[in-house]
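Remarks on the overall topology
Letter by letter, the chains look like this.
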Amino acid sequence: MSSERVSLVPAAGGRALSAPLMGHEPEPTLFDLSMTGRRSASFRTSDLPEWGPEELVPPELLAESPVALPEVSERDLVGHFTRLSHRQYSVDLGAYPLGSCTMKYNPKVCDEAAAARHFAAVHPAAPPSCTQGWLEVLVELEEMLCEITGMAAATLQPAAGAAGELTGLLLMRRYHEAAGEERHRVIIPDSAHGTNPASVTLGGYEVTTVGTNERGGVDLEALRAVLDTDVAGIMLTNPNTLGLFEEEIVEIAAAVHQVGGLLYYDGANLNAILGVVRPGDMGFDIVHLNLHKTFATPHGGGGPGAGPVAVSERLAELLPGPRPVRLADGTFSWERPSRSIGRLHSWHGNALVLLRAWTYLRLHGADGLREVAEIAVLNANWLKERLRGSYDIAYDRTVMHECVVSAKSLADETGLRALDVAKRLLELGFHAPTVYFPLIVKEALMIEPTETESPQTLAALGQALELIAREARQEGDASSARAAPRTTPVRRVDEARAARHLVATYDQRR
Amino acid sequence: MSSERVSLVPAAGGRALSAPLMGHEPEPTLFDLSMTGRRSASFRTSDLPEWGPEELVPPELLAESPVALPEVSERDLVGHFTRLSHRQYSVDLGAYPLGSCTMKYNPKVCDEAAAARHFAAVHPAAPPSCTQGWLEVLVELEEMLCEITGMAAATLQPAAGAAGELTGLLLMRRYHEAAGEERHRVIIPDSAHGTNPASVTLGGYEVTTVGTNERGGVDLEALRAVLDTDVAGIMLTNPNTLGLFEEEIVEIAAAVHQVGGLLYYDGANLNAILGVVRPGDMGFDIVHLNLHKTFATPHGGGGPGAGPVAVSERLAELLPGPRPVRLADGTFSWERPSRSIGRLHSWHGNALVLLRAWTYLRLHGADGLREVAEIAVLNANWLKERLRGSYDIAYDRTVMHECVVSAKSLADETGLRALDVAKRLLELGFHAPTVYFPLIVKEALMIEPTETESPQTLAALGQALELIAREARQEGDASSARAAPRTTPVRRVDEARAARHLVATYDQRR
Amino acid sequence: MRAPFVPHTEAEVAEMLAFLGLSSLDDLFAAVPAAVRLAGGLDLPDHRSEADVTERLFELGEKNKPVGRSLVCFAGAGAYDHEVPAVVRSLASRSEFVTAYTPYQPEVSQGVLQAVFEYQTMVARLSGLEIANGSLYDGAAALMEGVNLAVAATGSSRVLLSTGVNPRWREVLATFSHGPGHDLVELPLRDGYTDFSAAGDEPAGAVVVAFPNYLGCLDDLRGARELADRTGARLLACYDPVASGLLRSPGSLGADVAVGEGQPLGVALSFGGPYLGLFSCRSKDVRRLPGRLVGETLDSEGRLSYVTTLRAREQDIRRERASSNVCTNQTLMAVTAAIQLGWLGTEGLQQVAIGSARAARYAKEALLRIDEVEAATAAPGFREFALRLPVEAELAVERLVEEGYLAGVAVREGYEGTDLEGTLLVAATERRTRQEIDGFAASLEKAIR
Amino acid sequence: MRAPFVPHTEAEVAEMLAFLGLSSLDDLFAAVPAAVRLAGGLDLPDHRSEADVTERLFELGEKNKPVGRSLVCFAGAGAYDHEVPAVVRSLASRSEFVTAYTPYQPEVSQGVLQAVFEYQTMVARLSGLEIANGSLYDGAAALMEGVNLAVAATGSSRVLLSTGVNPRWREVLATFSHGPGHDLVELPLRDGYTDFSAAGDEPAGAVVVAFPNYLGCLDDLRGARELADRTGARLLACYDPVASGLLRSPGSLGADVAVGEGQPLGVALSFGGPYLGLFSCRSKDVRRLPGRLVGETLDSEGRLSYVTTLRAREQDIRRERASSNVCTNQTLMAVTAAIQLGWLGTEGLQQVAIGSARAARYAKEALLRIDEVEAATAAPGFREFALRLPVEAELAVERLVEEGYLAGVAVREGYEGTDLEGTLLVAATERRTRQEIDGFAASLEKAIR
Ligand SMILES: Cc1ncc(COP(=O)(O)O)c(C=O)c1O
Ligand SMILES: Cc1ncc(COP(=O)(O)O)c(C=O)c1O
């Protein structure tokens, strides 16, 4: 095929060669498609005086030249972004077993809820008389989240899990300060997600890392050894990032509480235990939830999410504010907790994401949520067993919502690494699992099928993963996976080059 | 790549190998993805008595077994149709220069208009007190279409162009009958679209075909030769399917009118003359419009469209009814024309398509519509000139909104046929033009760029078409085009086999 | 430029004209005789911004009363308020489906082709016949094409038409029949059943009966089959695809051709369109099938593929001898129906059918408890029934709009002079709740007092 | 099953359990200590159908008053009613963008990666700086991250913060600063300009000024630059991306870091979120950049490709030494902004900026003609201004809601005890018409009488 020759053609908005349906050429940027003087935009007829720029602002502040933006027709705009969308994998195209990310199906009814004018066109500063419906949604969501976590009160402000973590650490700090204590350290297990240590630093604390025992849980002895009254608290994910439930959680909680520390629950993995066990009942004091994971609000290519933080009674008055509240007369308003740490969002949090989660929760109810956990765990365990023999099983226990397997033996035997497995899997029609995390498992493949994938999909995924290992081991065809992916719009990209020759804008090209 | 082996995997809803982003396997059918007992549907809580089937209808009429439908999860439903959508070319992905089809860009604002609850959730039998907004839209649309065509009144009922044609022929019949005349023949040029002769038959008339002269117009002498009082009328497309304006339209009209015949205007090509010349002013009596062409309502993969029919004063009282009308007090209602031929649609026509056209017309206005025609014609002429030398130009005149070129010399010289050119063009990132139509041009390539494609896209399209011809002629590489398309999800399909071994449902497989 | 979707800059237009050796855009239209050219332009307002037009649309929309919480829908008569979930709207509005045209290039149209193939399979199953086409305009158009097929297949243009068939469809058929000169013989209804006694034994092309019929009654398809056998006619059943979730299919009851309105399969009420004409027939008639048909085949590498087939029937090839004139059909609605049926599944369709029948029974019982309200037909029904009221049906409808109910549809057109004229046709779907029905009954009682 | 999106049939669950050698689903949770297990299930209602939940949502939605024809929006304060066309909603809601996650597998994520690359380019241009990241949560988060960068870059945690900065952002900054112990020094406003005299010459990490500021005034960025130079601080400008269509960019006025709220770039009002934190800086600070950054590279066949880059800054690699803790950001909003900016183009952005400034000027003049209404600041503004009213601002807002106007936002939080407290902040965008503004002025006049 003479694609070389054809790429001489000037960038043309109506040429679809970058759409995988048609071919494999790069998509021009919107800047390449731009033509001076072209336009899409139009505006309301305002009938206002047509004052010129100098009549509107002091001349010395006027831009010397206009900001150059792409000038394209609406047609070319649509062509460009539609083609880009065809260059993007997504849950709606197929399974996305990315461990720790809970890439479950995002119900379409939530999209409609979030698009409805009566929610989406409400100004965040409108007085409560204009926002009773919104406030009721937020209050109900908070109540449901508290029931699910076994907590007393919550803030819906944090915009994602990491923001929730920071909120939790600031609450921890304020709590200890109020008790007249200065504590400097927060404990995290070595299996923790990277946001945990990063948040600890932002919260003004130092990280103390504690190891993992042979069953994949927190090493209780090691934990006890580092616990003292300088410890502000511990951050745990339970089930942890190995997909394992902390069997000694009651003992851990007791030990931390004994030195006056608080337990922080990273709720990224809450999907596994919905309706089965609640962080509050396990002894946690602060919980953040990833609504974009457990409650199916879509990940948006990397966001937005929402990371509400729920706390036990003793921390409730410290929560950020203003908080939506239900008044005695059944109406709704805003209220600041009496000893609030302040505020964590420009407004009230990622409201439309919260609305999606409310919808999801109403659809599921108590019985549906419990089943979500059961099937998520069932799927992960089935897949783990299916992969036995093909991959190493990191910790051979019943897993929760995800399983971590390792390509270590495979790599030793055939040279095929976890990354190669991931890339080959793309060719076989699946998104790859998370690789090389958690850091404590060599050649980790962290697979989270979620409850919305069917047994047939699991079987296909299991077969694909097995095939990759078998190709390498029995058929000596590791090169096939090392060359993968070959069916995607681009092949393996050179990550090192991107960092070495940084080109992060069109204007930095050449 | 070992896709063979992998296709052993049972059909799995979460496997994306059929999405061109990932690979090139066929997509399983929804029936393959089905699993007995799976379900997506849920319904309102009605609190009604749970009467069983036998309590509701006579037992002998009860189905013996339920209709087997695919049983899939919402997630698999979404996966399946999203993947199918990635296997589908569309205007939104790139240029679609399909001659005679006017595949222009379909504005997104029209999608929102058609989705709005206040239009989409209105019952067609609701009384006028509930539908004043709808009636106003329909009346305004009719008025605008009459102004654009130079006609007196219109019906919005016909659901597509062909339905409009049939309506027009039935009007023609009723008109002559009312005059006490029985006429049996309708004249159409040999360049006419297939729906024209087919509609003539349905209308109970016989087709008389008239030839095309050397300038691509109706052969006036030949026309005169077949005109007599047995002729009910003539159906013309102007510009015709060669993309050429009938220069002798005034003479043609006079000749047909002289024998008492009516002139029917097939408005599929109206895009070329918006605001330039009106069918009514050219002497036409009946006009159908393809709103899905000229007025940018999207084609929907083959429909729905809308084919309103406008007529001159003398035919107005014959129009189908009921028609939306503006009353003296400014409100709106329905009214049947006094001598109406009857009805052509279950309700009022493809209402949401009509609403889209209303929106398009309001956005454009008189000045915008005229420009649409100008630029559509400019684009077609530019492209025609660009292709000179690579392809034969069927009739070397200024064309209107489309140009018909021919691969005849190319085929003679290199063996490369119009179909091969079409398939190769897919590889180069464009939808193919219409091929082998109009029938009177050998190896026809009928190219309609429309006004919404930019000069850059035209240049790229021109270059691609030229490249194909050059490859074959200069580089002797006709085989390349004959093997095309090679980059698409499937390669050339065996059309003959489909007809020979008819499998038109899943149940007819094997 | 002033046309909102024309990309060309003035400079580009000038350059293109120069390339063509023209000095103005007007020169492009030199072939248009000066005498007929439009002087002064169209008498329409000039272009407006999207925001302005949207504003106006909003204003017009507010002059409509959509069904929903503030206008609970008991109207049917061929257009039903069934559940349509967000997922159907979401998938059916994907722009690849919306902005494609007829799959003339199958290699880049497998998406629409496969969706239509799946649709055909589902419609074939719903109708109990072997073949279904890829859609027609609406129920009326499907009826018209069905009669055409029957006439062509039998050589007889005598059409025995039950007045239980939707009166607007009958009118479309009559309007059309004037062209080819079909001879329509209407068979009256008795107690909701077609009276076949008037039909006689003369040879006929088609017997047309609706099951359920316009009044909601389960008409006598077996009797119709006997008549068809007697007269050598094809039996055409106008059916309701939702009813197939509960009732025997038209095919299993003897129909040769089944036509129907597909709106209940996921299509919004839409003020009557775009809807979806369902068309199925037996294999023996496939070469007379109107409209597009998708079939399975292989590509040059042996991959399973889809393509439109038996194209030789169609107008672009066979021209005046085509089986139909249809070109643009309602593909997007067919895709929508396939998605909706996939969402419903076997059990979901049953639930819709049973839920509708329950709501209709409950509503009928509730309304018949009102003084002076009577049932207009005796035959058993499905999800719709006609009532005789002590006031004009149209007046009752108007009054109930004020109360928040769309009470139904007045029976008039097509039943002039019969005992059905002036009755109120009430429909209930699985979306109607006990509370809504009770409220409706209470309001109707007040309204007719 | 009862969970609406779980595909498993009972039979499949049984089979899977058998494969695992388990006898019940409960067995999967054997590792959970019995003592803490939830007995009796969650105290929540059971699952409901989509239709039921939608009904409830509709009911709740009707308790809100969205801005539009019946509530004309003059509120701003960080959230603006700018034109967003259908095409932006249509493209930004494509499910490939919506349901993807962070592009960890670049080979199948070129769509999001390229869109973010284009977004970064546009934000860099709007801010007049070289580098922009792929988004942060919102304006407040961007400010917080900007201060962190400045403190890390300079080694000084003293932050000189203009009270012209959005008071809610200041509060977020203060809340956060309590953790790492940044020392915030607030600089008061005089006549709408920041008074730098209180800042002193001590070394500082950051000078933070808003341009335009919360009161809509065009604050003195040059003065701020001088202060930053004097104190060795990074200059952080809180800017408004729409203003860049008319005004000089923060970069050209000397800012080292520009942070802003991206909502005006195509994001719906959304009751405050999800919005979009804009973040740009100079190349020298790129290794301290918070959040994701997309860069260009080549694939193994030399094809231009995109990938997230300088990943070594990020939490998943650098953990407690990361430049920020951010992981999930607001990518979809960044994609939305790229589409909106593509729709606007150079000229469109100018029209938005000028149109807004015109509406603001016209509105300000109209409102100031009302007796006892006074301007609260003297400095020139852009599209927003504060008014002193003879009644409580909150009361005026409530009364005007009844008249169909969202009159603005009361200034209170963050201005307690200043002469700005209790003023009404009024914003006007290019969407406001003369008729709306005249109506608003007339209603306000009545309301404060
Ligand atoms: C275990 C864990 N904790 C925390 C986070 C951070 O959440 P977010 O990405 O919403 O900031 C994640 C997200 O990947 C996670 O997997
Ligand atoms: C010239 C011409 N006439 C008539 C038609 C028929 O219109 P429709 O497809 O809407 O029935 C077409 C459509 O392709 C056409 O191109």
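Here the residue index of a chain counts from 1 through its sequence in written order. Labels are handed out in written order, letters beginning with A for the chains and numbers beginning with 1 for the ligands. Restriction of local features to residues with pLDDT of at least 70 applies here, the model being predicted, together with a cutoff of 80 or more for giving and counting side-chain atom pairs; totals for whole chains, interfaces and linings are based on all residues. Side-chain numbers come from the whole structure's heavy atoms, not from hydrogens or water.

Helix and strand labels come from DSSP, where a helix needs a run of H or I of at least four residues and a strand needs a run of E of at least two; each type is numbered from the N terminus. For chain A, the count of helices and strands is 16 helices and 13 strands. Radius of gyration: C-alpha atoms only; globule rule: 2.2 Å multiplied by the number of residues to the exponent 0.38. Whereas a compact globule of 510 residues would reach a radius of gyration of roughly 24 Å, chain A reaches 26 Å, a difference of no more than 12%. Dimensions of chain A, computed from the C-alpha atoms along their principal axes, are close to 75 × 70 × 45 Å. Sequence separation of at least 24 residues holds for 69% of the intrachain contacts in chain A that already meet a minimum separation of 6. Accessible areas in this description were obtained via Shrake-Rupley with a 1.4 Å probe; residue shielding takes into account the shown protein chains only. Total accessible area on chain A stands at roughly 13,300 Å², and carbon and sulfur atoms take up 48% of it. Lys and Arg are tallied as positive, Asp and Glu as negative. Neither His nor the chain termini are counted. For the purpose of locating charges, the reference atoms are NZ of Lys, CZ of Arg, CG of Asp and CD of Glu. Charge-centre separation for chain A: the mean point of 47 positive side chains lies 5 Å from the mean point of 65 negative side chains. Contact criterion: two residues are considered in contact whenever any of their non-hydrogen atoms come within 4.5 Å of each other.

Now for the sheet that holds strand 3 (residues 206-210) of chain B. Residue and element names in this part refer to chain B. Taken in spatial order, the 7 strands of this open sheet run 1-7-6-5-4-2-3, and their pairing is mixed. For this open sheet the edge positions go to strand 1 (153-155) and strand 3, each flanked by a neighbour on one side alone. Averaged over all pairs of adjacent strands, the angle between strand axes in this sheet comes to 25 degrees, irrespective of strand direction. Paired strands, in this sense, are two strands between which DSSP finds at least two bridges. Bridge count for strand 1 against strand 7 (residues 309-311) is 3 bridges, and the pairing is antiparallel. Each axis is a line fitted through C-alpha atoms, and for a helix only the stretch in contact is used; angles between axes span 0 to 180 degrees, taken between their N-to-C directions.

Between chain A and chain D, the contact holds 206 residues from the first and 188 residues from the second. Counting the surface lost from both chain A and chain D, the interface buries some 17,200 Å², and carbon and sulfur atoms represent 64% of this. Of all the elements, helix 11 (residues 351-387) of chain A adds the most residues to the side of chain A that touches chain D, at 27 residues. Computed with a 1.4 Å rolling probe, the buried area is the accessible surface lost when two parts are put together, summed over both parts.

All names here are of chain D. In this scheme, a residue with accessible area under 20% of its type's maximum is buried, one over 50% is exposed, and one in between is partly exposed, where area comes from a 1.4 Å probe on protein chains only. Here strand 17 (residues 424-427) shows no split at all, with Leu424 and Val426 on one side and Leu425 and Ala427 on the other all buried. Bridge count for strand 14 (residues 384-388) against strand 17 is 4 bridges, and the pairing is antiparallel. From the neighbouring strand, Glu384 faces strand 17, where its bridge partner is Ala427. Where strand 16 (residues 409-410) and strand 17 come together, 2 bridges link them in antiparallel fashion. Looking at strand 17, one finds that Ala410 is bridged to Leu424.

Moving on, we come to the pattern of salt bridges. Residue and element names in this part refer to chain C. Salt bridges are defined as contacts in which a side-chain nitrogen from Lys or Arg sits within 4 Å of a carboxyl oxygen from Asp or Glu. Enumeration according to the criterion identifies 166 salt bridges over all chains in this entry. The salt bridge involving Glu365 is made with Arg361; its shortest N-O contact spans 2.8 Å. Highlighted residues: Glu365 and Arg361, both in helix 10 (residues 331-368), separated by 4 residues, approximately one helical turn.

The next subject is a negative patch on the surface. Residues and elements named next belong to chain C. Candidate patch residues must exceed 30% relative accessible area and have no salt bridge, after which like charges are joined if within 9 Å and Val, Leu, Ile, Met, Phe, Trp or Tyr side chains if within 5 Å. On the surface, Asp371, Glu372, Glu374 and Glu445 cluster together into a patch of negative charge. Residue placement: Glu445 occurs in helix 12 (residues 434-447). The partly exposed category is assigned to Glu445, whose relative accessible area is 34%.

Let us now look at the nonpolar core. Burial of nonpolar side chains together is a common tendency in soluble globular proteins. Residues grouped as a nonpolar core are buried Ala, Val, Leu, Ile, Met, Phe, Trp, Tyr and Cys residues, joined through side-chain atoms within 4.5 Å. Grouped together as the largest cluster of nonpolar side chains are 274 residues, with contacts concentrated most on Leu223, Phe295 and Tyr391 of chain A, Phe81 of chain B together with Leu215 of chain C. Apart from the residues lying within four places of it in its own chain, the contact partners of Leu223 of chain A are Ile187, Val210, Val218, Ile234, Ile252 and Val256 of chain A. Counting 272 residues, the second-largest nonpolar core is a separate cluster that includes Phe43 of chain A, Trp382 and Ala432 of chain B together with Phe29 of chain C.

This part is about the environment of Leu113 of chain C. Residues and elements named next belong to chain C. Relative to the helices and strands, Leu113 is located in helix 5 (residues 110-127). Sequence separation between Leu113 and Thr308 is 195 residues; the distance between their C-alpha atoms is 7.5 Å. If sequence neighbours within four positions are ignored, Leu113 has contacts with Pro103, Pro106, Val294, Tyr306, Val307 and Thr308.

Moving on to the sheet that holds strand 14 (residues 384-388) of chain C. All names here are of chain C. Taken together, 4 strands build an open sheet; the order of strands is 13-14-17-16 and the sheet is antiparallel. The sheet is open, and its two borders are formed by strand 13 (374-375) and strand 16 (409-410), each paired with just one other strand. Each of strand 13, strand 14 and strand 17 (424-427) is contacted by helix 10, which is oriented at about 10 degrees to strand 14, the strand it contacts most.

Residues and elements named next belong to chain A. According to the domain assignment, chain A consists of domain 1 (1-27 + 94-105 + 403-447 + 452-510), domain 2 (29-86) and domain 3 (131-363). Domain limits in this description derive from either an automatic procedure or a database domain assignment. For domain 1 versus domain 2, the separation of C-alpha centres amounts to 37 Å. Tallying the contact residues gives 12 residues for domain 1 and 9 residues for domain 2. Approximately 970 Å² of surface area, both sides summed, lies buried where domain 1 meets domain 2, with 56% of it carried by carbon and sulfur atoms. Per-residue buried area on domain 1 facing domain 2 is highest for Gly13, Glu27 and Tyr506; these three make up 58% of the total on that side. Along the contact surface separating domain 1 from domain 2 lie 1 salt bridge. Where Glu27 meets Arg83, a salt bridge forms, and the shortest distance between an N and an O atom there is 2.8 Å. The term polar contact refers here to a pair of N or O atoms within 3.5 Å; inside protein, the definition further demands a hydrogen-donor-capable atom paired with an acceptor-capable atom, and it admits residues adjacent in sequence only when both atoms are side-chain atoms. Summed over the shared surface of domain 1 and domain 2, the result is 4 residue pairs in polar contact (both at pLDDT 80 or more).

Here the focus is the site of ligand 2. Throughout this document, a residue counts as near a molecule or strand when at least one of its heavy atoms sits within 4 Å of that molecule or strand. In the vicinity of ligand 2 lie 15 residues, with Ser100, Gly161, Asp266 and Lys293 of chain B together with Thr328 of chain C positioned nearest. Neighbouring residues of ligand 2 are not confined to one chain but are distributed across chains B and C. The separation between an oxygen atom of ligand 2 and a polar main-chain atom of Ala162 of chain B is 2.7 Å. In this structure, Asp266 of chain B approaches ligand 2 through a side-chain N or O atom, which is 2.5 Å from a nitrogen atom. Protein contact buries 99% of the 390 Å² of open area that ligand 2 shows by itself. The biggest single contributor to the shell around ligand 2 is helix 6 (residues 161-178) of chain B, with 3 residues.

It is worth spelling out the side chain of Glu107 of chain C at this point. Along the polypeptide, Glu107 of chain C turns up in the loop between helix 4 (95-98) and helix 5. At a separation of 2.7 Å, a polar atom in the side chain of Glu107 of chain C contacts the side chain of Lys423 of chain B. Among all residues touching Glu107 of chain C, those that are not within four sequence positions of it are Lys423, Leu426, Pro485, Thr488, Pro489, Val490, Arg491, Arg492 and Val493 of chain B.

Another point: helix 12 of chain C. Each full turn of the α-helix corresponds to 3.6 residues, which orients residues three or four apart in the same direction. With 14 residues, helix 12 of chain C should reach 20 Å at 1.5 Å per residue; the first-to-last C-alpha distance of 20 Å fits that figure. Those residues of helix 12 of chain C that are buried are in contact with strand 1 (72-73), helix 10, helix 11 (393-403), strand 15 (405-406) and strand 17 of chain C. Expected helix span is taken as 1.5 Å per residue step, with the number of steps being one fewer than the number of residues.

The subject of this paragraph is the site of ligand 1. The immediate surroundings of ligand 1 are formed by 15 residues, with Ser100, Gly161, Asp266 and Lys293 of chain A together with Thr328 of chain D found nearest. Residues within reach of ligand 1 are spread across chains A and D. Within the side chain of Ser100 of chain A, an N or O atom sits 2.5 Å from an oxygen atom of ligand 1. Thr328 of chain D has a polar side-chain atom sitting 2.6 Å from an oxygen atom of ligand 1. Relative to its unbound accessible surface of 380 Å², ligand 1 loses 99% to contact with the protein. Looking at the shell around ligand 1, the element that brings in the most residues is helix 6 (residues 161-178) of chain A, giving 3 residues. Class assignment for the residues of the shell around ligand 1 results in 5 nonpolar, 7 polar and 3 charged. All amino acids are sorted into three groups, where Ala, Val, Leu, Ile, Met, Phe, Trp, Tyr, Cys and Pro are nonpolar, Asp, Glu, Lys and Arg are charged, and the leftover types, Gly among them, are polar.

With 207 residues of chain B at the interface, the matching set in chain C holds 188 residues. Roughly 17,100 Å² of surface becomes buried between chain B and chain C when both sides are summed, with 64% attributable to carbon and sulfur atoms. Inspection of the chain B/chain C interface yields 15 salt bridges. A salt bridge links Arg56 of chain C to Glu136 of chain B; the nearest nitrogen and oxygen atoms lie 2.8 Å apart. Seen at the junction of chain B and chain C, the total is 98 residue pairs in polar contact (both at pLDDT 80 or more). Counting residues per element, the side of chain B that touches chain C draws most heavily on helix 11 (residues 351-387) of chain B, at 27 residues. Its residues placed into classes, the side of chain B that touches chain C shows 108 nonpolar, 54 polar and 45 charged.

Attention now goes to the environment of Gly217 of chain B. All names here are of chain B. The residue Gly217 is located in the loop between strand 3 and helix 8 (220-226) in this model. Between the C-alpha atoms of Gly217 and Leu244, which are 27 residues apart in sequence, the distance is 7.3 Å. Non-local contacts of Gly217, meaning those with residues more than four positions away in its chain, are made with Gly211, Thr212, Asn240 and Glu246.

It is worth spelling out the domain arrangement of chain C at this point. Residue and element names in this part refer to chain C. Here chain C is partitioned into domain 1 (72-84 + 344-447) and domain 2 (87-339). On a C-alpha basis, the centres of domain 1 and domain 2 stand 27 Å from each other. Of the roughly 2,500 Å² buried at the junction of domain 1 and domain 2 (both faces included), carbon and sulfur atoms supply 64%. Of all residues in domain 1, Val84, Phe382 and Tyr415 bury the most surface against domain 2, accounting for 24% of the area lost on that side. Our count for the contact surface shared by domain 1 and domain 2 stands at 1 salt bridge. Note that Arg383 and Asp240 form a salt bridge whose closest N and O atoms lie 2.0 Å from each other. Counting across the interface, domain 1 meets domain 2 through 10 residue pairs in polar contact (both at pLDDT 80 or more). Among the secondary structure elements, those contributing two or more residues to the side of domain 1 that touches domain 2 are helix 10 and strand 14.

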